[in-house]
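Coordinate analysis (summary)
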Amino acid sequence: MPQSVPSIPRRVARTLRTSLFAQVACALVLGVLVGRLWPDAGTAVQPLGDGFVRLIKAMIAPLVFCVVVAGITKAGDLKAFGRIGIKALIWFEVATTVALVVGLLAGNLVSPGTGMNVDPSTLDASAVDEKTGGGELPSTSEFILHSLPDSAIGAFAENSLLQVLVLSCLVGAALLHLGHTKVPAILPVIEQGQEIVFAIVGFIMKLAPLAVFGATAHLVGEYGLGALTTYGKLIGVCYAVALLFLVLLGVALKALTGLSLWKFVRYTREEMLLALGTASSEAVMPRMMQKLRQAGCRDDAVGLVLPTGYSFNLDGASIYLSVGTLFIAQAVGVDLSLGQQITVVLVLMLTSKGMAGVPGSAFLALSATASALGVIPAGAVALLLGVDRIMDAMRVATNLLGNCVAVFVVSRWEGALDTARAKKVLGGEIAFVPEQTEGTQEPGSADARTAGPKSLTLAASPSPLPDAPSSTSRE
């Protein structure tokens, strides 16, 4: 007797109940409608999005610490970890420079600000100060010093990823130096702590649809859709350049690793939609770390490259800054020479590295660039106040994909990528299994073998730490 086929309403209900992607997509559409029809109500539900992002951020520092320390000790080679860091920084610098240059080329070809004929004296420069809170970007020396923790507790309390990374590297190096004979219980505790953090992230992710609804309704309710017509050309240029840059990233990923960026986007579609809905790439960092690990990237590469990219690899922000600088200049009637545009690239290469975590950082970087050129009125930066939030989706998506591509490329470069497994995972042959549920599988089952890199079963396996060096050995 043939089985009855579920009705369409039942299939839709099942999809909404089981698919995070469907839930977030519906929340996104509902948020746009509520924000458009009832702006006050849309603004009132903003805490839903802000609260979700705060909960996720609370988990990022302990997660990065656990993943990096475990990655170093499992790799058993601190020099290899150092090579991964150097290669990541080289890739970040190349990628952000390409993003800046592509943005400037597009800004010159399309000229989004030409014909606006804005009088800078009519702009309210104080609005930029309000946006930035009167802050400023750190200098190179300040940025380096700030990345070094002055308090182990403070690094976690302030959620400073670079400081947490430094602490993680020090702890991992100490564990390798001492060996498992002196610290046999430390690594199991860190591994189990990692599993606890992933479990908490799994709980929080159930609130993702509410977060997307609140953030989207607030954005549409407060800013409306009018900016789409006023700044249509600028928005179109930025999004088109971001798409072109992602195509270039896809070509580089295919050439260097043999992997498809489009398949990776499909594999991470839930996380991408959540990041777009909440306008925060940090909201999906824990899940991205899980997915990259299950896609064949080694723990130490994921633990170092992805968090570092959040401070050093701001590809989407670089595109916005380069196009935005030309837009401002063209809007006020300033024609930048080739030398001045080269200065723009050099200044933004420096300022973009200190943007992460600084309120209104894009406006601070634009103001610094205008001051360095000396021909663009500082108040002209206020022209972008009305469009800044609309650029969030472009910046978030480009930054996030740029960081993930960096993980794959650097992993391949260092020999830390299981390419065969990556192709199977991205092709859908191996399903993603959230790590907090992996421990329920039998060790010898097929699902356990294919679900992805598991955390160590610590009670049954010896510590991977090497023996401590003898007293006669030299470093």
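These notes cover the structure that comes with them. (Residues numbered from 1 in each chain as written. Predicted model: local features only at pLDDT ≥ 70, side-chain atom pairs only at ≥ 80, totals over all residues. Heavy atoms only, no water.)

**Points about a positive patch on the surface**
Taken together, the side chains of Lys254, Lys263, Arg266, Arg269, Arg412 and Lys423 define a basic patch exposed on the protein surface. In this fold, Arg266 is placed in helix 14 (residues 261-267). (Patch = residues over 30% accessible without salt bridge, like charges linked within 9 Å, V, L, I, M, F, W, Y side chains within 5 Å. Areas by Shrake-Rupley, 256 points an atom, 1.4 Å probe, with all protein chains shown as cover. Salt bridge = Lys/Arg side-chain N within 4 Å of Asp/Glu carboxyl O. Lys, Arg positive; Asp, Glu negative; His and termini not counted. Charge placed at Lys NZ, Arg CZ, Asp CG, Glu CD. Helix = DSSP H or I, 4+ residues; strand = E, 2+ residues; numbered from the N terminus.)

**Overview of the pattern of salt bridges**
Under the counting rule described, the total for this entry stands at nine salt bridges. For Lys57, the salt bridge goes to Glu282, with nearest N and O atoms at 3.3 Å. Here the residue Lys57 occupies a position in helix 4 (residues 46-75), and Glu282 occupies one in the loop between helix 15 (269-278) and helix 16 (285-294), the gap between them amounting to 225 residues. For Glu282, a relative accessible area of 24% gives the class partly exposed. For the salt bridge of Arg293 with Asp299, the shortest nitrogen-to-oxygen distance reads 3.1 Å. Since its relative accessible area comes to 0%, Arg293 is described here as buried. Each of Glu270, Glu271, Arg287 and Lys291 takes part in salt bridges that share partners, so that together they form one network. (Buried < 20%, exposed > 50% of the residue type's maximum accessible area, 1.4 Å probe, protein only.)

**Brief notes about helix 13 (residues 232-257)**
Over its 26 residues, helix 13 extends 37 Å from the first C-alpha to the last, a length consistent with the 38 Å expected when each residue adds 1.5 Å. Listed in full, the buried residues belonging to helix 13 are Leu234, Ile235, Val237, Cys238, Val241, Ala242, Phe245, Leu246, Leu249, Gly250, Leu253 and Thr257. Remark: Gly258 follows helix 13 within two positions and exhibits a positive phi of approximately 80 degrees. (Expected span 1.5 Å × (residues − 1).)

**A look at the environment of Ala58**
With respect to the secondary-structure elements, Ala58 resides in helix 4. Between the C-alpha atoms of Ala58 and Phe156, which are 98 residues apart in sequence, the distance is 8.9 Å.

**Remarks on the nonpolar core**
Membership of the largest hydrophobic core comes to 133 residues, with the highest contact counts inside it found for Phe52, Trp91, Leu234, Phe264, Leu306, Leu384 and Phe408. No other element matches helix 4, which puts 14 residues into this core. If we ignore the near neighbours within four places in the chain, the residues touching Leu384 are Leu234, Tyr320, Gly324, Phe327, Ile328, Phe363 and Leu366. (Core = buried A, V, L, I, M, F, W, Y, C linked by side-chain atoms within 4.5 Å. Contact = heavy atoms within 4.5 Å.)

**Describing the environment of Leu292**
Relative to the helices and strands, Leu292 resides in helix 16. Spatially, the C-alpha atom of Leu292 lies 8.8 Å from that of Ala422, the residues being 130 residues apart in sequence. In contact with Leu292, not counting residues within four places along its chain, are Phe264, Cys297, Val302, Leu306, Cys404, Val407 and Phe408.

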